[in-house]
Amino acid sequence: MSAITRDEVAHLARLSRLALDEDELDHLAAQLDVIISAVARVQQVAAEDIPPTSHALPITNVFRPDEVRPSLTPEQALSGAPAAEEQRFRVPRILGEEA
Amino acid sequence: MSGELTRKSAAELAELMAAGQVSAVEVTQAHLDRIAEVDGRIGAFLHVDAEVALAQARAVDSRRAAGEELGPLAGVPIAHKDVFTTVDMPTTAGSKILEGWRPPYDATVTARLRAAGLVILGKTNLDEFAMGSSTENSAYGPTRNPWDLERVPGGSSGGSSAAVASYQAPLATGTDTGGSIRQPAAVTGIVGTKPTYGGSSRYGLIAFASSLDTPGPFGRTVLDAALLHEAFSGHDPMDSTSIDRPVPPVVEAARRADVAGLRIGVVKELGGEGYQPGVLARFNEAVELLESLGAKVAEVSCPHFTYALPAYYLIAPSECSSNLARFDAMRYGLRVGDDGTRSAEEVMALTRAQGFGPEVKRRIMLGTYALSSGYYDAYYGKAQQVRTLIIRDFEAAFEQVDVLVSPTTPTTAFPLGDRVDDPMAMYLADLATIPSNLAGTPAISVPCGLADEDDLPVGLQVMAPVLADDRVYRVGAAVERALTDRWGGPLLSKAPAL
Amino acid sequence: MTAPTLVPYEEALAKYEPVLGVETHIELGTATKMFCGCPTTFGAPPNTQVCPVCLGLPGSLPVTNKAAIEGIIKIGLALNCTIAEWCRFARKNYFYPDMPKNYQISQYDEPLCVDGYLDVEVDGETFRIGIERVHMEEDTGKSLHVGGATGRIHGADYSLVDYNRAGIPLVEIVTKPITGTGDKAPLVARAYATELRELVRALGVSDVRMEEGSMRCDINVSLAPRGATEWGTRTETKNVNSLRSVERAVRHEIERQAAVLESGGKVVQETRHFHEDTGTTTPGRSKEEAQDYRYFPEPDLVPLAPSREWVEQLRASLPELPAARRRRVQAEWGLTDLELRDVVNAGALDLIEQTVKAGCAPGPARKWWMNELSRRATEQGVELDELPITPAQVARVQALIDEGSLNDKLARQVFEGVLAGEGDPDEVVAARGLKVVSDEGELAAIVDQVIAENADAADKVRAGKVAAAGALVGAVMKATRGQADAARARELILQKLGAS
């Protein structure tokens, strides 16, 4: 009884923007199945009213003042850009709707 | 002289330079020579920049000549894990997706190394995006263990650990998310510390798991590690999770090195089945040694530690699946498949498929799964609850004892290629180190001998409560002193010559 | 594209009951971005206001802007919300090129402010709009789509992205479902957006300009048959860029959805795009699957735990809110409800109040803004507050009238001059020579002349026909181009003709 199906793995790959080929998908699906079964062990822990911990240390309220700090120059900002035009990042045509 | 210089500790080098007996340039050159001599076989460095390093060294010499007051490590060379941004050297995180990337800003840790006058020799190899326990996941080839070139140096900070263990640098930086400083230190026979989470800044540290990643020091001695720990630690307003308190007095503790009256707890769950007999043997001897030094030893149970590994392999991948989403070929890094007909979405997916290695892909998908609606509660949510229980286990334990000890990792260095196709087997390397990452508590690994089976190094792990980093240095230093006495020299001197 | 089938509004309302929801995003006017120190000035050259943090460079980390948190707490308090004692930021994960990290730092199940309300008035009826939540998040960058016909995303060849806007603090305000509005639904939605904008502006935390994008409304509409127990399927309409569009979008969606239901169809749950030019909505691209944002608590930020002292300090620092202010000025100026409503609807409240503050009495202040200046604004096709005249200037004109230097007719000419850019009231008076002739000597001389030139009328007055003085006053006014003090001229005429 597998913990995760190949279809689900293909779906995860799409969600994560990973264009995997069929072989890779097969290989990863098998491995993920094993891993997910193993990590599911956490469900064995009785935890009715145990609060989840998202931050190990009890720090709260860390702020910075609303004061301007130096920005990068546009050259620095665009220095790693695979493509740039008119001081903007040039990206291929976007299919999805703007949120 | 250069051969001798590379054998010296950071503290010794600093003293020699302060006394004017040797210049920073000579020290740096000696280490550059050593790199040229051995790194072809070890592969610790991804990038070495002799010009930049020598320029830094010259600057230190000038400042000293001008009578400036310099820090305790000024002029000492250091190897810097290639997961911290540096403006004067590429930063790749061991990944093809960032090949050749030149960051426009320095990490805070990088800036503090520079401010301390440390000379950055180059960037060291790592498992891609710090994910791994062997450095075999690097996109640029593995690093080899100086003790046995057919074995792994541990990971993810394997390059840094190997560099220090092979005398290419007296100090190195690492990051520890699930054991990635302590485990390499253990299997290469040197000292490595994971400070209290938040004790050093993550600004400029390419993120793997944000709530777990912790920068830390490598050294061949406990004192060296402490000196480096102090040099780059402390609050950073650019990191909201950094602790706004003074750095614990780790150098003082390393010098103090006494354990009389200290209560030491041996963690029952971190030993036994799954641990190599030779590792357990050296560990048990180290515990006896501590007792003979005046410590009170007792067994302590931390029952939820057995769930630490699965909890970690849910939390870390979840955070990393989100942290690595930014690598999408739009603003920096690799771009694949942009032939003018493909959409942004396609280019993203092709780039990520090509730019990320298998372990990274596994963890991204695992994390995406664990956070998906319908699965969140049973996986990520549950793991966060386990995390609470582990924190409570530590708190309960530390009411009975001052520090906890365990073997750092279940086995000695395994052969290259042994676990690469078996993720679960690879993950087991982190069994003993993961609990401290989940709780944010500090921990150190110090060499405690060679395993009988294979004559390979074994590490002793010492764990302390949050912000009690000095305690782990104190105990580590005491063990180091006693064992070095017993061995007639540091463990590393038993390593085969390269 | 065929015109959408619509059911006329009244017909639609006869059969269906609308339920509304409004989601408003407000860009706070802080000096710097939400999580970094980059400036937020509108209109800077592309990618000049970015840093490792707001560009999401590897290794960067966010640090929360304190002023932004104060801003959102003030908004929450003004909306009568409960401020959370402890809450966290969360990551909303999805891929989009205008989002540097491919996740947005937002809040999920722990919003900072919850459970409030805002009262709005439409035609004398008060509607209490429930506020579900107010939470903090960061804005995205902006894309230019190149190559397509309309500059929109459809059919574009590629896009150019500017991240100056990425990371600007955004407050999201979500209403509870708005029910019971009946045929006033579009007006209620508009009134809510208007009142919310007034409120936020009064707080001074945002300039809330819909045309600049510092306030954006998404409108949710669903219809259910009258008397039904369940609500209908709702649509979400975006790109609603003005208050008028809010009203039009609601109206259109009601008509459109009614048509769908009437024809036996089902309303599709989707996001729609509002078109200013046609006043209609069209579907966005349908998504193959609903978005799973995989929210989890943001590990790079620590929880927010605003102390009750801090919250009370902020509450004490709130300025007078619009509703309270309206009640106050109504009492101070002695306005009826209808008069107040007219003032508010004309957008004149601020202007009148500022004119009063500049020293003018409320009555005249209201008169000038509501009559003369409103007329001119309509003529020029602009809003009252867009007229190139200030409350201080209006107060000055009234002061000149009060001291007798101007009369109403001359005042109108002064207004004309100020609006035409000729300068301050005093400058216009001087340049155009508009001062009332009240100099006794000068007036007397003119009166004498008029008497001399109008002997018949003068005789009649002398004979006791006081009414005939009117013609002489008129002649004086004509001779002075309306600048004489008419009352004083009349006095002098009667005096000189021995009839006073």
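Residues numbered from 1 in each chain as written. Chains lettered and ligands numbered in written order. Predicted model: local features only at pLDDT ≥ 70, side-chain atom pairs only at ≥ 80, totals over all residues. Heavy atoms only, no water.

- Looking at an unreviewed UniProt entry, chain A carries the name Aspartyl/glutamyl-tRNA(Asn/Gln) amidotransferase subunit C, with the source organism given as Thermomonospora curvata.
- The UniProt entry for chain A carries the following comment under Subunit (unreviewed entry): "Heterotrimer of A, B and C subunits." (UniProt positions renumbered as here; feature names shortened; annotations may be inferred.)

What about the overall build of chain B?
Inference 1: Within chain B one finds 17 helices and 11 strands.
Inference 2: Its C-alpha atoms give chain B a radius of gyration of 21 Å, near enough to 23 Å, the size a compact globule of 498 residues would have.
Inference 3: If one aligns the C-alpha atoms of chain B with their principal axes, the spans along those axes are about 65 × 55 × 45 Å.
Inference 4: Residues counted as buried form 68% of the 498 residues belonging to chain B. (Helix = DSSP H or I, 4+ residues; strand = E, 2+ residues; numbered from the N terminus. Rg over C-alpha atoms; globule rule 2.2 N^0.38 Å. Buried < 20%, exposed > 50% of the residue type's maximum accessible area, 1.4 Å probe, protein only.)

A look at the sheet that holds strand β3 (residues 88-92) of chain A
Inference 1: Within the open sheet, the 4 strands sit side by side as β2(A)-β3(A)-β9(C)-β8(C). Their pairing is antiparallel. Every interior strand has two partners, whereas the edge strands, β2 (84-85) of chain A together with β8 (142-146) of chain C, have only one.
Inference 2: Pairing between β3 of chain A and strand β9 (residues 158-162) of chain C: 4 bridges, direction antiparallel. Residue pairing in the sheet places Val91 of chain A in a bridge with Ser159 of chain C of β9 of chain C. (Pairing = 2+ DSSP bridges.)

Details of the interface of chain C and chain B
Inference 1: Between chain C and chain B, the residue contacts involve 30 residues of the former and 38 residues of the latter.
Inference 2: Summing the contributions of chain C and of chain B, the shared interface buries around 2600 Å²; its carbon and sulfur component is 59%.
Inference 3: Inspection of the region where chain C meets chain B yields 1 salt bridge.
Inference 4: For Asp300 of chain C, the salt bridge is made with Arg202 of chain B, and the minimal N-O distance between the two is 2.9 Å.
Inference 5: The interface formed by chain C and chain B holds 19 residue pairs in polar contact (both at pLDDT 80 or more) in total. (Contact = heavy atoms within 4.5 Å. Buried area = accessible area lost by both parts, 1.4 Å probe. Salt bridge = Lys/Arg side-chain N within 4 Å of Asp/Glu carboxyl O. Polar contact = N/O pair within 3.5 Å; in protein donor to acceptor, adjacent residues only side chain to side chain.)

Focus on the sheet that holds strand β12 (residues 235-240) of chain C
Residues and elements named next belong to chain C.
Inference 1: Overall, mixed pairing links the 9 strands, which are arranged β3-β6-β7-β10-β1-β11-β12-β13-β14 in an open sheet. Two strands in the sheet have a free side with no partner beyond their single neighbour: β3 (82-83) and β14 (280-283).
Inference 2: Here strand β1 (residues 16-27) runs beside strand β10 (residues 169-175); their pairing, made up of 5 bridges, is antiparallel. Its bridge partner being in β10, Ile26 is matched across the sheet by Val171.
Inference 3: Across the face of the sheet, helix α3 (residues 185-203) comes into contact with β1, β6 (113-122), β7 (125-138), β10 and β11 (215-225) while running at roughly 115 degrees to β6. (Axes fitted to C-alpha atoms, helices over the stretch in contact; angles between N-to-C directions.)

With respect to helix α2 (residues 22-39) of chain A
Residue and element names in this part refer to chain A.
Inference 1: In this model α2 runs 25 Å from its N-terminal to its C-terminal C-alpha over 18 residues, within 8% of the 26 Å that 1.5 Å per residue would give.
Inference 2: Residues Leu25, Leu28, Ala29, Gln31, Leu32, Asp33, Ile35, Ile36 and Val39 constitute the buried set of α2.
Inference 3: Where α2 begins, one side-chain oxygen reaches toward the backbone nitrogen of Asp23, 3.1 Å away; that side chain belongs to Asp21. (Expected span 1.5 Å × (residues − 1).)

A short note on the interface of chain A and chain B
Inference 1: Tallying the contact residues gives 53 residues for chain A and 67 residues for chain B.
Inference 2: Taken together, the two surfaces of chain A and chain B that pack against each other cover about 4900 Å², and 68% of this comes from carbon and sulfur.
Inference 3: Note that Lys361 of chain B is salt-bridged to Glu24 of chain A, the shortest N-O span being 2.4 Å.
Inference 4: If you list the elements that add at least two residues to the side of chain A that touches chain B, you get α1 (6-15), α2 and β3 of chain A.
Inference 5: Here the side of chain A that touches chain B takes 9 residues from α2 of chain A, the largest share from any one element.
Inference 6: The residue inventory of the side of chain A that touches chain B, partitioned by class, reads 37 nonpolar, 10 polar and 6 charged. (Nonpolar A, V, L, I, M, F, W, Y, C, P; charged D, E, K, R; others polar.)

Quick look at the packing of aromatic side chains
Inference 1: Scanning the entire structure with this criterion turns up 22 aromatic pairs over all chains.
Inference 2: With a centroid separation of 6.1 Å and 85 degrees between ring planes, the pair formed by Phe327 of chain B and Tyr332 of chain B is classed as edge-to-face.
Inference 3: Take Phe327 of chain B: its relative accessible area is 3%, and that puts it in the buried class.
Inference 4: Residue classification places Tyr332 of chain B among the buried positions, given a relative accessible area of 3%.
Inference 5: Both rings, one in Tyr375 of chain B and one in Tyr379 of chain B, keep their centres 6.3 Å apart while their planes meet at 55 degrees; by these two values the pair is tilted.
Inference 6: Classification of Tyr379 of chain B by relative accessible area gives buried; the value is 10%.
Inference 7: Here a set of aromatic residues connected by ring pairs shows up, and it is made of Trp101, Phe129, Phe327, Tyr332 and Phe356 of chain B.
Inference 8: Positioned above the aromatic ring of Tyr103 of chain C, the side-chain terminus of Lys101 of chain C is 5.4 Å from the ring centre.
Inference 9: Taking the ring centre of Tyr117 of chain C as reference, the NZ or CZ of Arg128 of chain C above it sits at 3.8 Å. (Phe/Tyr/Trp six-rings, centres within 6.5 Å; stacked < 30°, edge-to-face > 60°. Lys NZ or Arg CZ within 6 Å of the ring centre and 35° of its normal.)

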